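# A structural walkthrough
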Amino acid sequence: MAEAKMRNVSFPRYAEYNCAFKYIVEQALGCKYVMPPVLTKRTMELGTKYSPDFVCTPFKTMLGSMIEALEAGADTLLMTHGLCRLGYYGELLEQILRDLGYQFDFINLSEYDMGKKKEYLRIVKRFNPKANPARFLARFMEGLRMTEYVDEITCEYYKNCGFDATDGQYKQAYQDFLTAMYTAQARADVEAGYRAAKRAMQSVPLDKPQRPLRVGIVGEFYTAMDAFSNLELEQKLADMRVEVHRWMNVTNQFLRYGSGQKNLRVKIQDLCRYDMGPTSTANIWYARECAERGYDGLVHIKSATCTPEIDVMPVLQNISADYKIPVLYLTYDAQTSDVGLMTRLEAFYDMIEMRKKVL
Amino acid sequence: MEHAYLGIDVGSISTKGVIIDKKNNILASRYIWTQGDPIGAVKELVRLLEEQFDKESYKIVATGTTGSARKLVGTILGATMVKNEITAHAVGTTTFYPEVRTILEIGGQDSKIILVENGVAVDYAMNTLCAAGTGAFLSSQAKRLGIEVEEIGEYALRSTHPTQIAARCTVFAESDLVHKIQMGHPREDIIAGVCNAVAANYLNNVGKGKKIISPVVFQGGVSKNQGVVAAFERTLGCKVIVDPNGHLMGALGVAILARRGSGRREFDFAVENMEFRTREAGCGGCSNHCEIICVYRGDELIDSWGNRCERGARVH
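Below: a short report on this structure. Computed from a predicted structure; not experimentally measured.

### Observations regarding the overall build of chain A
What chain A contains, in helices and strands, is 15 helices and eight strands. On C-alpha atoms alone, chain A measures out to a radius of gyration of 21 Å, which is about the 21 Å that the 2.2 N^0.38 rule sets for 359 residues. Counting over 359 residues, chain A shows a buried share of 57%. Put simply, 72% of the contacts in chain A that link residues at least 6 apart link residues at least 24 apart. Summed over its atoms, the accessible surface of chain A is roughly 16100 Å², and 53% of this surface lies on carbon and sulfur atoms. Mean positive and mean negative side-chain charge positions of chain A (46 and 45 charges, respectively) differ by 4 Å.

### Remarks on the sheet that holds strand 1 (residues 2–10) of chain B
All names here are of chain B. Strand order across the open sheet formed by five strands is 3-2-1-4-5, with mixed pairing between neighbours. The outermost strands of the open sheet, each flanked by one partner alone, are strand 3 (26–33) and strand 5 (81–82). Each of strand 1, strand 4 (58–66) and strand 5 touches helix 2 (residues 70–77); the most contacted strand, strand 4, lies at about 155° to it.

### Some thoughts on helix 13 (residues 280–292) of chain A
Residues and elements named next belong to chain A. Under the 1.5 Å per step criterion, the end-to-end length of helix 13 is 18 Å for 13 residues, consistent within 8% with the ideal 18 Å. Summarising burial for helix 13: twelve of the 13 residues are buried, a large majority. Every buried residue of helix 13 is listed here: Ser 280, Thr 281, Ala 282, Asn 283, Ile 284, Trp 285, Tyr 286, Ala 287, Arg 288, Glu 289, Cys 290 and Ala 291. Tucked into the core, helix 13 has its buried residues touching strand 5 (213–219), strand 6 (242–246), helix 11 (250–256), helix 12 (262–265), strand 7 (297–303) and helix 14 (307–323). The first or second residue beyond helix 13 is Gly 294, which carries a positive phi of 80°.

### Comments concerning a negative patch on the surface
Residue and element names in this part refer to chain B. There is a patch of like negative charges on the surface, built from Glu 148, Glu 150, Glu 151 and Glu 154. Along the polypeptide, Glu 150 turns up in the loop between helix 4 (135–145) and helix 5 (152–158). A relative accessible area of 55% means that Glu 150 is categorised as exposed.

### Considering the sheet that holds strand 13 (residues 300–305) of chain B
Residue and element names in this part refer to chain B. Spatial strand order, 11-12-13: three strands in an open sheet with antiparallel pairing. Edge positions in the sheet fall to strand 11 (276–282) and strand 13, since each of these pairs with one other strand and no more. Here the strands of the sheet are splayed against their neighbours by 25° on average, with no regard to which way each runs. The pairing of strand 11 with strand 12 (residues 291–297) spans seven bridges and is antiparallel. Bridging from a neighbouring strand, Arg 279 pairs with Cys 294 of strand 12.

### Quick word on the state of the cysteines
Residue and element names in this part refer to chain B. Scanning the entire structure with this criterion turns up zero disulfides over all chains. Cys 283 supplies the cysteine sulfur nearest to Cys 290, a cysteine that is in no disulfide, at a spacing of 6.0 Å. On the basis of relative accessibility, which here comes to 11%, the residue Cys 290 falls in the buried class. Of the cysteine sulfurs around Cys 294, a residue in no disulfide, the closest is that of Cys 283, at 11 Å.

### Side note on the interface of chain B and chain A
Each side of the interface is counted separately: chain B has 28 residues, and chain A has 29 residues. Put simply, chain B and chain A have four salt bridges between them. Measuring nitrogen to oxygen at the nearest pair gives 3.5 Å for the salt bridge that ties Arg 70 of chain B to Glu 346 of chain A. Within the residue set of the side of chain B that touches chain A, elements represented by two or more residues are helix 3 (85–96) and strand 8 (120–126) of chain B. When the residues that make up the side of chain B that touches chain A are grouped by side-chain class, the tally is ten nonpolar, nine polar and nine charged.

### Points about the pattern of salt bridges
Residues and elements named next belong to chain A. Tallied over the entire structure, the rule returns 43 salt bridges over all chains. Among the salt bridges present, the one from Lys 60 reaches Asp 333, with a minimum N-O distance of 3.7 Å. Of this pair, Lys 60 sits in helix 3 (residues 57–71) while Asp 333 sits in the loop between strand 8 (327–332) and helix 15 (339–358); the two residues are 273 residues apart in sequence, bridging distant segments of the chain. The class of Asp 333 is partly exposed, set by a relative accessible area of 30%. By sharing partners, the salt bridges in this structure join Arg 145, Glu 148, Arg 187, Glu 191 and Arg 256 into a single network.

### Comments concerning empty space enclosed by the protein
Residues and elements named next belong to chain A. For the coordinates displayed, the defined rule picks out five cavities of 30 Å³ or more. The calculated volume of the largest cavity comes to roughly 120 Å³. Taken together, 14 residues make up the lining of the largest cavity; nearest its centre are Met 44, Thr 57, Phe 228, Ser 229 and Asp 333. Considering every element that reaches the lining of the largest cavity, the biggest residue donor is helix 3, with three residues. For the lining of the largest cavity, a count of residues per class yields seven nonpolar, six polar and one charged. Its boundaries defined by the atoms lining it, the second largest cavity holds a volume of some 70 Å³.

### Here we look at the pairing of strand 1 of chain B
Residues and elements named next belong to chain B. Within strand 1, seven of the nine residues are buried, which leaves the element mostly enclosed by the surrounding structure. Here strand 1 runs beside strand 2 (residues 14–21); their pairing, made up of seven bridges, is antiparallel. Of the residues in strand 2, the one forming a bridge with Leu 6 is Ile 19. Between strand 1 and strand 2, which follow one another and run antiparallel, lie three residues.

### Observations regarding the packing of helix 7 (residues 187–204) of chain B against helix 8 (residues 226–236) of chain B
All names here are of chain B. Following both chains from N to C, one finds helix 7 and helix 8 inclined at 55°, their axes separated by 8 Å at the closest point. In terms of orientation, helix 7 and helix 8 fall into the oblique class. The interaxial crossing formed by helix 7 with helix 8 has right-handed handedness. Along the contact surface, helix 7 presents Cys 195, Asn 196, Val 198, Ala 199, Tyr 202 and Leu 203, while helix 8 presents Gly 227, Val 228, Ala 231, Phe 232, Arg 234, Thr 235 and Leu 236. Across the contact of helix 7 with helix 8, the residue classes tally to nine nonpolar, three polar and one charged.

### Examining the environment of Val 266 of chain A
Residue and element names in this part refer to chain A. Mapped onto the elements of the fold, Val 266 is located in the loop between helix 12 and helix 13. Overall, the relative accessible area of 53% leaves Val 266 in the exposed class. Linking Val 266 and Trp 285, residues 19 residues apart in sequence, is a C-alpha distance of 9.1 Å.

### Notes on the environment of Ile 67 of chain A
Residues and elements named next belong to chain A. Within the secondary structure, Ile 67 sits in helix 3. Separated by 55 residues in the primary sequence, Ile 67 and Pro 12 have C-alpha atoms spaced 9.1 Å apart. Once you skip the residues sitting within four places of it in the chain, Ile 67 turns out to touch Leu 46, Tyr 50, Leu 97, Leu 100 and Tyr 102.

Conventions we followed
- Residues numbered from 1 in each chain as written.
- Chains lettered and ligands numbered in written order.
- Predicted model: local features only at pLDDT ≥ 70, side-chain atom pairs only at ≥ 80, totals over all residues.
- Heavy atoms only, no water.
- Helix = DSSP H or I, 4+ residues; strand = E, 2+ residues; numbered from the N terminus.
- Rg over C-alpha atoms; globule rule 2.2 N^0.38 Å.
- Buried < 20%, exposed > 50% of the residue type's maximum accessible area, 1.4 Å probe, protein only.
- Contact = heavy atoms within 4.5 Å.
- Areas by Shrake-Rupley, 256 points an atom, 1.4 Å probe, with all protein chains shown as cover.
- Lys, Arg positive; Asp, Glu negative; His and termini not counted.
- Charge placed at Lys NZ, Arg CZ, Asp CG, Glu CD.
- Pairing = 2+ DSSP bridges.
- Axes fitted to C-alpha atoms, helices over the stretch in contact; angles between N-to-C directions.
- Expected span 1.5 Å × (residues − 1).
- Patch = residues over 30% accessible without salt bridge, like charges linked within 9 Å, V, L, I, M, F, W, Y side chains within 5 Å.
- Salt bridge = Lys/Arg side-chain N within 4 Å of Asp/Glu carboxyl O.
- Disulfide = S-S within 2.5 Å.
- Nonpolar A, V, L, I, M, F, W, Y, C, P; charged D, E, K, R; others polar.
- 1 Å grid on protein atoms, 1.4 Å probe; cavity = no way out; pocket = protein on both sides within 12 Å on 5 of 7 lines; lining within 4 Å.
- Points joined across faces, edges and corners; volume = space filled by probe spheres on them.
- Parallel < 35°, antiparallel > 145°, perpendicular 65-115°, else oblique.
- Left-handed = near helix turned anticlockwise from the far one by under 90°.

If you want it as structure tokens, here you go:
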């Protein structure tokens, strides 16, 4: 067999996780990674144009980002499996791209039995037949460590960035951290970047009241986490001097609770006894957790037609009534104007702020 | 000279303005159509308010704007308070009705519900992707039936057997309505059916999952429609209060907020004669192509917005 050419692998833009995809593709799989351009209106135009109308927005975003990745030189696209419609998306994305005339190799994780360890080896060998499994595993774990760091620092950032007493040092520290992660080539780079970020963020003076307004974010896995898709909701809330808390991220959903969320369900048995979708248990648990901790409000984010999250809404209404915690329900489609969102967020802020003074 | 406060609410369909004194008494008020030209409507509104306003005894020391054009109009008028319409409505209503528990509001393009406890809003909802069951639907159906939108209420109250009209979606409601007209249902019954459909649609969409407790105040342009008021009273089983100034509540609310706020700036009626224009500039900084709106007074750029990053700040 002729020497296999090194693959140029890409995966659609997704929140700030592309640094970890890059690390795993380059360091663990020994392929090249093609970073898709940042998401813009152009991405959405491309994605919307070639998508079925009633598919959820993340599909459109991913399709647009895949097209931009192919334009940027990718020859291999990776698509994840999933527990809702997402599980079928790989097949559909591939077909649409092939019909458009793009040439590429498509590795769809839905075609593998992700419950079996042996399957992982098959996937690795498909990326790079010469990959060394032991070396892969070691570097793959480093990639996961990077994911955990990204989630930890992001969580800390949105909790505090609204109270930065300087002219933007906190945001600068966060951006420096992301740059470090996007350029890391070895474990030492990841660890150093993480430590530097921790130190930098802790050294920025914060001007935070004793009882700041706290808002919890719950919702659909893609839209709730991707800042471009939710029109920078978390930053907008934080800029109003609000502590923004979100449990939902890759670390919590997959790395900590990868084998099921039975332990989360214990606390919400009276509300639901089984999973209604990939994120319902976690979202209901976290919504109640926020309510019990006395948060001032919840924001529920979903893309239009997201069935699992529509099912979560009645339970959130019960939590809202039981604990007297207001919930702002937001539905996103491929719109890129944030005027309507600002109206709703400003009103939500005014409400929880005036309410806190009275209650 | 006593202090007065101006509040202006520029919505998609109508533009409202009030001037109040320190005790929230209305000194001047007007309600006109926006007609797709918020700047023109506001200049006209200012001119009409000036006619009613006693400049000898009062001066306007603070100005507030609300409604979907609040930012643009706020820039033009030099507002001291720019507030979203939900907060403005809540503040306005709770000032005049401290006991209120539920505020229903249906405007031209949006509808909202605000729940109040102890005089402050504790929960709210607003229509998101769809403008079903708002004033725009009522006026287009009035046009179809050949009557003025202001007459709908009168017609509806005359009906004894309102026609059933599918309320879930205005597109379906419209085809259902056409069908019923062609079947020979009397016009009064059709109109009463439309009013019921608006109330049902509202309660099933924005009102979903919200506990509606009396006293209920209903406002926004649609509250002027007796037919919809009757439909709400029947469905909710309680009295629905409609303030004679309900259509001005957003403007009143933002005037009150301007009074409470710290910003002070004397309002100059001369704006009605100034030339304002807006220009859209596309930023070429990246492929997001942000649409930046630049507002000019004469030839002078007074403000711009719409960019998502610092790069756009340079484009004018």
